[in-house]
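Examining the three-dimensional arrangement
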Amino acid sequence: MSAVQYKSAEVDGFKVFYREAGRKGAPKLLLLHGFPSAGHMFRDLIPDLADDFHIVAPDLPGFGQSDMPSRETFKYTFDHIADVIERFTEVIGFDRFAVYVFDYGAPTGFRLAMRQPTRITAIISQNGNAYEEGLSEGWNPIRAYWQDPSAENRKALRAFLAPETTRWQYTHGVTDEAAVSPDGYSLDNFYLARPGADEIQLDLFGDYKSNIALYPAFQDYFRKYKPPFLAVWGKNDPFFLPPGAEAFKRDIPNAIVRFFDTGHFALETHAREIGRAIREFLKR
């Protein structure tokens, strides 16, 4: 089994922390995490795939061990996050790669694919949405903030940052809560509790509307380039619904869609099954 290494890259003065495993020269796979997590969410998947792939899993700007500059010096938008991750791939020499996207990692990864389609060899989306029908009513408080970015509506979103909400995101929809390690959500809550992290996350909630606005462009990319596509979806996700997974087949008819009886953080309970699906898909 390939050992995981923990590294940092300087990206135009910005420190991006990342996990790396696998043999140089093997097919490349970039793993992009979501809210409110970091690269540690792939702690079970990376060892499972590292014998076959060269894997890199960065912490997004403002998350995990990557730099978290103040909002005054760094604009926390999904466009800017994608800029940093795009440069990161260039700095570490990830020229052509498959990308695994989850939650916030999806609008990040889809931006990369849309900007430089020839660099993307395949896409795996685990509860990473690009269609309106994939959005549940759980988004209503955030939608209210998009329509009226008042202090009151911003304050209402703080419920999403509460420790019990993070735990709920991990355990909602799983068949056995005892199968979910507390390590993941406890570490996420540690990062969320850092000074200034709350306002950064609220900024990103506000900017998420930029991702919805790009859905037609993402879909145009899917239709035009038809990248090899695998959706592996926790079917009980309270935020991203199964119709969002099925919708990829509308634009990529050969897309493979697999559902698992679990929630949003599907890797917490189904890392082995998802790893097997990824290996079969990428080797094909």
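Bear in mind the structure is a predicted one, so any value in this text is a computation, not a measurement.

Quick look at the nonpolar core
Judged by nonpolar contacts, the single largest core of 62 residues is most densely connected at L30, Y104, F110, I123, F205, Y208 and F222. The contact partners of Y208, leaving out residues within four places of it in the chain, are F78, Y104, P107, W139, W146, Y215 and F240.

A closer look at the packing of helix α2 (residues 78-91) against helix α3 (residues 105-115)
Following both chains from N to C, one finds α2 and α3 inclined at 65°, their axes separated by 9 Å at the closest point. Crossing of α2 against α3: the hand is right-handed. Here α2 contributes F78, D79, I81, A82, D83, I85, E86 and T89 to the contact with α3, which in turn contributes P107, T108, R111, L112 and R115.

Concerning the pairing of strand β4 (residues 54-58)
The element β4 is largely enclosed, with a buried count of five among its five residues. Judged from the four bridges that link them, strand β2 (residues 14-21) and β4 form a sheet pairing that is antiparallel. In the sheet register, E20 faces β4, and the bridge partner there is V56. Where strand β3 (residues 28-32) and β4 come together, three bridges link them in parallel fashion. If you follow K28 over to β4, its bridge partner there is H54.

Topic: the packing of aromatic side chains
On inspection of all chains with the given rule, the structure shows 32 aromatic pairs. Consider the rings of F110 and F218, whose centres lie 5.5 Å apart with planes at 65°: the pair is edge-to-face. Remark: F218 occurs in helix α9 (residues 209-225) and F110 occurs in helix α3; sequence separation between them is 108 residues. On the accessibility criterion, F110 (1% relative accessible area) is buried.

Section: the side chain of R119
Its place among the elements puts R119 in the loop between α3 and β6 (120-125). The buried charged residue R119 lacks any salt bridge, with E90 as its nearest oppositely charged partner at 4.0 Å. A distance of 2.9 Å separates a polar atom in the side chain of R119 from a polar atom in the side chain of T89. Contact partners of R119, with chain neighbours within four places excluded, come to E86, T89, E90, F94, D95, R96 and F97.

Points about the environment of R111
Tracing the backbone through its elements, the reader meets R111 in helix α3. The contacts of R111, once residues within four sequence positions are left out, are F78, D79, A82, S210, N211, L214 and F218. A polar contact is formed between the side chain of R111 and the backbone oxygen of P107, at a distance of 3.1 Å.

Here we look at the pattern of salt bridges
For the structure shown, the criterion picks out 24 salt bridges. A salt bridge links E20 to K7, with the nearest nitrogen and oxygen atoms 2.7 Å apart. Pair noted here: E20 is in strand β2 and K7 is in strand β1 (residues 5-11), with a separation of 13 residues, a long-range link. One connected set of salt bridges, linked through shared partners, spans R71, R154, R158, D198, E199 and D203.

Comments concerning α2
In a regular helix each residue adds 1.5 Å, so 14 residues correspond to 20 Å; α2 covers 20 Å between its end C-alpha atoms and thus fits that length. Along α2, the positions that sit buried rather than exposed are F78, I81, A82, V84, I85, E86, F88 and T89. The first or second residue beyond α2 is G93, which carries a positive phi of 80°.

Each value, and the rule that gives it
Residues numbered from 1 in each chain as written. Predicted model: local features only at pLDDT ≥ 70, side-chain atom pairs only at ≥ 80, totals over all residues. Heavy atoms only, no water. Core = buried A, V, L, I, M, F, W, Y, C linked by side-chain atoms within 4.5 Å. Buried < 20%, exposed > 50% of the residue type's maximum accessible area, 1.4 Å probe, protein only. Contact = heavy atoms within 4.5 Å. Axes fitted to C-alpha atoms, helices over the stretch in contact; angles between N-to-C directions. Helix = DSSP H or I, 4+ residues; strand = E, 2+ residues; numbered from the N terminus. Left-handed = near helix turned anticlockwise from the far one by under 90°. Pairing = 2+ DSSP bridges. Phe/Tyr/Trp six-rings, centres within 6.5 Å; stacked < 30°, edge-to-face > 60°. Lys, Arg positive; Asp, Glu negative; His and termini not counted. Salt bridge = Lys/Arg side-chain N within 4 Å of Asp/Glu carboxyl O. Polar contact = N/O pair within 3.5 Å; in protein donor to acceptor, adjacent residues only side chain to side chain. Expected span 1.5 Å × (residues − 1).

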